[in-house]
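Take a look at the letters that make up each chain.
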Amino acid sequence: MPLLQRYGITLSIVQDNASIPASYWGAPEAGIQGTHVFARSDTPVHSLLHEICHIICMTPERRMTLDRDAGGSDLEESGVCYLQLVLADEINGAGRCRIMQDMDSWGYSFRLGNTRAWFSADADDAKAWLTQHQLLCPLGKASFRLRSNENASQVVEACAIDQGI
């Protein structure tokens, strides 16, 4: 999966009906361990994206010991939800609109009642958090970098190159 390669994340597909290692919610939901994500053929795309975004959004220190429970703050969780919608457009056959519908069906809850309303009118804090940690470029596209302690100017330069600025 090219998206995962850009982040250095490994995907392991588990056999159908097998338990999914490091899954917080249990099968068919995706599991995470370090920079590794586990899924089955029936794992919902939104679940896979959500767990991938947890790996992307956490500090390197937490990522090193990650096993099932991403933890983190409420604001980080909002950043994860926002980034999964941005990255949905990078997956053929997924897209932001489908993932929003899937999130609503799964039971994500937002103050404005649904994912679309939250993303368009109530997610400024999540977008700002992602930008602060150089996970989103200034124009709102993904930087395709894991959260790190890198110099912000290096990330801004990478965003400019990536987005043809």
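For the structure, check the block above.
Residues numbered from 1 in each chain as written. Predicted model: local features only at pLDDT ≥ 70, side-chain atom pairs only at ≥ 80, totals over all residues. Heavy atoms only, no water.

1. A word on the packing of aromatic side chains
Tallied over the entire structure, the rule returns nine aromatic pairs. Considering the side-chain rings of F110 and W118, the 4.5 Å spacing of their centres and the 15 degrees angle between planes classify their relative orientation as stacked. Through a chain of ring-to-ring contacts, three or more aromatic side chains come together here, namely Y24, W25, Y82, W106, Y108, F110, W118 and F119. Note that R6 overlies the ring of F144, its terminal NZ or CZ placed 3.6 Å from the centroid. (Phe/Tyr/Trp six-rings, centres within 6.5 Å; stacked < 30°, edge-to-face > 60°. Lys NZ or Arg CZ within 6 Å of the ring centre and 35° of its normal.)

2. Quick look at the environment of P138
Within the secondary structure layout, P138 lies in the loop between α7 (124-132) and α8 (152-162). Residue P138 is classed as exposed on the basis of its relative accessible area of 63%. Remark: the alpha-carbon pair of P138 and G71, spanning 67 residues in sequence, is separated by 26 Å. (Helix = DSSP H or I, 4+ residues; strand = E, 2+ residues; numbered from the N terminus. Buried < 20%, exposed > 50% of the residue type's maximum accessible area, 1.4 Å probe, protein only.)

3. A closer look at the environment of D74
Its place among the elements puts D74 in helix α4 (residues 74-88). Spatially, the C-alpha atoms of D74 and R111 are 13 Å apart, while their sequence positions differ by 37 residues.

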